[in-house]
Amino acid sequence: MHSNQRGVSLGGLMVVLFVLVMVGLLALKVIPPYMEFGNIKKAITAVSGGTNPNEIRKAFDSRAAIDDFTSVKGSDLDITKEGGRIVISAAYRKEVPLFMNLGLYFDFVASSKDE
């Protein structure tokens, strides 16, 4: 009796490994902007209890220094009053270079109104 061998060829294994490495490298480039957005959102939520725009901006800059993000500064915050409540929001674009002249743009919007 003669049975055929079954399994993955060396070429197939190389292709699968190449795809997995590319997906892993892409994830390593894309995850940090989303983590930074989470920190910015937490900082906006934390300073939303302020009463004065200057106080809110200073508190936000302090949180930015602690959490180590630089995409949004206190001066970039939009502070408005809606229905007797202070609403803080920030919108920014993050560019993630991949290789050569190829990159990704992410547009993030964070607001204390979403709470």
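Residues numbered from 1 in each chain as written. Predicted model: local features only at pLDDT ≥ 70, side-chain atom pairs only at ≥ 80, totals over all residues. Heavy atoms only, no water.

Enquirer: Hey, could you run me through the overall build of the chain in this one?
Expert: Looking only at helices and strands, the chain has two helices and three strands in total. Along the first, second and third principal axes, the C-alpha set of the chain runs to 85 × 35 × 25 Å. Look at the contacts in the chain between residues 6 or more apart in sequence, and 46% of them connect residues 24 or more apart. For the chain, the accessible surface area stands at approximately 8,400 Å², while carbon and sulfur atoms represent 60% of it. Side chains of the chain carry 13 positive and 12 negative charges; the gap between the two charge centres is 4 Å. (Helix = DSSP H or I, 4+ residues; strand = E, 2+ residues; numbered from the N terminus. Contact = heavy atoms within 4.5 Å. Areas by Shrake-Rupley, 256 points an atom, 1.4 Å probe, with all protein chains shown as cover. Lys, Arg positive; Asp, Glu negative; His and termini not counted. Charge placed at Lys NZ, Arg CZ, Asp CG, Glu CD.)

Enquirer: Got a minute to help me understand the pattern of salt bridges in this structure?
Expert: Side chains bearing opposite charge may pair, as long as their charged atoms lie close to each other. Enumeration according to the criterion identifies three salt bridges in this entry. Taking the shortest distance from any N to any O, the salt bridge between Lys 94 and Glu 36 comes out at 3.4 Å. Of the two residues, Lys 94 is situated in strand E2 (residues 85–99) and Glu 36 in helix H1 (residues 10–47); the sequence distance between them amounts to 58 residues. The closest approach of N and O atoms between Asp 107 and Arg 93, which form a salt bridge, is 2.8 Å. Here Asp 107, found in strand E3 (residues 102–111), pairs with Arg 93, found in strand E2; they are 14 residues apart in sequence, far enough to count as distant. No difference in accessibility class separates Asp 107 from Arg 93, as the two residues are exposed. (Salt bridge = Lys/Arg side-chain N within 4 Å of Asp/Glu carboxyl O. Buried < 20%, exposed > 50% of the residue type's maximum accessible area, 1.4 Å probe, protein only.)

Enquirer: Any chance you could explain the confidence of the model for the chain here in plain terms?
Expert: In regions of low pLDDT, the predicted coordinates are not meant to be interpreted in detail. Residue-level pLDDT values for the chain average 90, and 97% of them are 70 or greater. Averaged over each element, pLDDT in the chain is lowest for strand E1 (residues 78–82) (89) and highest for H1 (94). (pLDDT = per-residue confidence, 0-100.)

Enquirer: What am I meant to see in the packing of H1 against helix H2 (residues 53–67) here?
Expert: Between H1 and H2, whose axes approach to 9 Å, the crossing angle comes to 145°. For the pair H1 and H2, the sense of crossing is right-handed. In contact with Asn 39, Ile 40, Lys 42, Ala 43, Ile 44, Ala 46 and Val 47 of H1, H2 contributes Ile 56, Ala 59, Phe 60, Arg 63 and Asp 67. Considered class by class, the residues forming the contact of H1 with H2 number eight nonpolar, one polar and three charged. (Axes fitted to C-alpha atoms, helices over the stretch in contact; angles between N-to-C directions. Left-handed = near helix turned anticlockwise from the far one by under 90°. Nonpolar A, V, L, I, M, F, W, Y, C, P; charged D, E, K, R; others polar.)

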